[in-house]
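Observations on the model geometry
One-letter residues, chain by chain:
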Amino acid sequence: MAGMSIKDLVEEIAKALVDIPEEVSVREVQGEQVTVLELRVAPSDLGKVIGKQGRTARSIRTLLGAAGMKLNRRFTLEILE
Amino acid sequence: MSKRKYTISEHGPRIEAFLKRILQLAGLKLTFELSEEASPHPDFENPEIRVKFSGDDVSELIANKTELLLALEHLTMEMLGMPGEDHSLICFDANDHRMLRIEELRFSAVTAAERVKTTRTPFRFNPMNSRERRILHMALRNEPEVRSESEGFEPRRNVVIYPAGMPSSPRTAAPPVMRRGRRR
């Protein structure tokens, strides 16, 4: 349930940033200590979720870190090309 | 005064909807308020919309040099599709932290400039983001005996204060090669 909201969190942010929200998808891969969130967007939207000097991706990771602290779980964001 | 680009009536609803949803999904206990109040330091920072946070998790927003606060600010501005040159027009704050930081930077700029004047040696600040570097440059713009410059490459770019006539120290011309992990 808690993991679910983090997946939704990434999806929600990505959809707000891109031009083609229908092509946003997030897959959650549960590990023992870490949950990997694989984010896929349209190729033309990659720059939107990464940002200049990776700043947007870094901001999403910061938010995941804060959300993860609450759940005592680490989340890793992988942006897949 | 030129016309405002960002107003609560036009952009407020999108900002509110986005932030509310994200704070809820992230499980952060925070509330926020939008305002258009005038800046007490209009020379240094003059946002058109302020977003002020309060609540149990304010300490998390402010931890690590306001990392989370700046992350939320950045994501909100990207969500609105704001071009880079508009990024000073919306300012996120909690416990007046950003406001106090401006005071702190102004004070450091003046103190460092005094030191440069007496010692005739350059003073190098820690790396800062562009908004903070700008505040340092602005604080020194009426000091004829020193000049300030930004050196190095993001995200480790930093301000250096030189005595007015002293040339800049030679630096590497190319940005450092990207490596895995952090150097230094």
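The number of helices and strands found in chain B is four helices and six strands. The order of α-helices and β-strands along chain B, N terminus first, is α-β-β-α-β-α-β-α-β-β. Taking the principal axes of the C-alpha coordinates as reference, chain B spans close to 50 × 45 × 30 Å. Counting every position in chain B, which comprises 184 residues, the buried fraction comes to 43%. Expressed as a percentage of contacts within chain B between residues at least 6 apart in sequence, the contacts between residues at least 24 apart total 58%. When the accessible surface of chain B is split by element, carbon and sulfur atoms take 52% of a total near 10700 Å². Treating the 30 positive side-chain charges of chain B as one cloud and the 27 negative ones as another, the clouds have centres 8 Å apart.

The subject of this paragraph is the overall build of chain A. Assigned secondary structure in chain A consists of three helices and three strands. Listing every helix and strand of chain A by position from the N terminus yields α-β-β-α-α-β. Here the C-alpha radius of gyration of chain A, 12 Å, is about what a compact globule of 81 residues would show, namely 12 Å. Along the first, second and third principal axes, the C-alpha atoms of chain A reach 35 × 25 × 20 Å. In chain A, which comprises 81 residues, the proportion classed as buried is 46%. Nonlocal contacts in chain A, meaning residues at least 24 apart in sequence, comprise 57% of its contacts between residues at least 6 apart.

With that out of the way, let us pick up empty space enclosed by the protein. Residues and elements named next belong to chain B. In the structure shown here, the tally under the stated rule is one cavity of 30 Å³ or more. Roughly 50 Å³ of volume is contained in the largest cavity. For the largest cavity, the full set of lining residues is Ser39, Glu45, Pro47, Arg50, Cys91, Asp93, Arg98, Met99 and Ile102. When contributions to the lining of the largest cavity are tallied by element, the ones reaching two or more residues are strand E3 (90-94) and helix H3 (97-119). For the lining of the largest cavity, the element with the most residues is H3, which contributes three residues. Taken together, the residues that form the lining of the largest cavity break down as four nonpolar, one polar and four charged.

This part takes up helix H3 (residues 55-71) of chain A. Between its terminal C-alpha atoms H3 of chain A stretches 24 Å, which fits the 24 Å expected from 17 residues at 1.5 Å a residue. Immediately downstream of H3 of chain A, the backbone of asparagine 72 of chain A shows phi near 55°, a positive value.

All right, on to the environment of leucine 19 of chain B then. Residues and elements named next belong to chain B. Note on placement: leucine 19 falls in helix H1 (residues 8-26). Given the relative accessible area of 0%, leucine 19 is considered buried. Along the sequence, leucine 19 and lysine 117 sit 98 residues apart, while their C-alpha atoms lie 46 Å from each other.

Another aspect to go through is the interface of chain A and chain B. In this assembly, 19 residues from chain A lie in contact with 19 residues from chain B. Where chain A abuts chain B, roughly 1800 Å² becomes buried across the two surfaces, and 67% of that area is made up of carbon and sulfur atoms. Counting the surface chain A buries against chain B, the share from its top three residues, Thr62, Leu63 and Lys70 of chain A, is 27%. Viewed at the interface, chain B and chain A are joined by three salt bridges. Where lysine 70 of chain A meets glutamate 60 of chain B, a salt bridge forms, and the shortest distance between an N and an O atom there is 3.9 Å.

Another aspect to go through is the domain arrangement of chain B. Residue and element names in this part refer to chain B. Examined at the domain level, chain B breaks down into domain 1 (8-95) and domain 2 (101-163). Relative placement of domain 1 and domain 2: their C-alpha centres are 26 Å apart. Between domain 1 and domain 2, roughly 890 Å² of surface is buried when both sides are summed, and carbon and sulfur atoms account for 48% of that area. Counting every contact that joins domain 1 to domain 2 gives three salt bridges.

Cut-offs applied
Counting restarts for each chain: residues are numbered from 1 in the order of the written sequence. The naming scheme follows written order: chains are lettered A onward, ligands numbered 1 onward. Note on the predicted model: pLDDT of at least 70 is required for a residue's local features to be given, and 80 or more for side-chain atom pairs to be given and counted; whole-chain, interface and lining totals, by contrast, use all residues. Excluded from the side-chain calculations are hydrogens and water; all other atoms, namely the structure's heavy atoms, are used. Each helix corresponds to a stretch of at least 4 residues labelled H or I by DSSP, and each strand to a stretch of at least 2 residues labelled E; elements are numbered beginning at the N terminus. Exposed residues in this analysis have more than 50% of their type's maximum accessible area, buried residues have under 20%, and partly exposed residues fall in between, with area computed by a 1.4 Å probe over protein chains only. For this analysis, residues touch if any pair of their heavy atoms sits within 4.5 Å. Note on areas: these come from Shrake-Rupley sampling with a 1.4 Å probe, and a residue is covered only by the protein chains present in the view. The charge count treats Lys and Arg as positive and Asp and Glu as negative. His and the chain ends do not count. To locate a charge, take NZ of a lysine, CZ of an arginine, CG of an aspartate or CD of a glutamate. Atoms considered for the radius of gyration are the C-alpha atoms alone. The globule rule reads 2.2 Å times the number of residues to the power 0.38. Definitions used throughout: a 1 Å grid over protein atoms alone; a cavity as a set of points that fits a 1.4 Å probe which cannot get out; a pocket as an open set with protein on both sides within 12 Å along at least five of seven lines; a lining residue as one with an atom within 4 Å of a point. Grid points are joined across faces, edges and corners, and a volume is the space filled by probe spheres set on the points. Residue polarity is assigned by list, with Asp, Glu, Lys and Arg as charged and Ala, Val, Leu, Ile, Met, Phe, Trp, Tyr, Cys and Pro as nonpolar; anything else, Gly included, falls into the polar class. Take the number of residues in a helix, subtract one, and multiply by 1.5 Å to get its expected span. For any pair of parts, buried area is found by adding up, for both, the accessible area (1.4 Å probe) each one loses once the two are put together. What counts as a salt bridge is simple: a side-chain nitrogen of Lys or Arg found within 4 Å of a carboxyl oxygen of Asp or Glu. As used throughout, domain bounds are those supplied by an automatic or database domain assignment.

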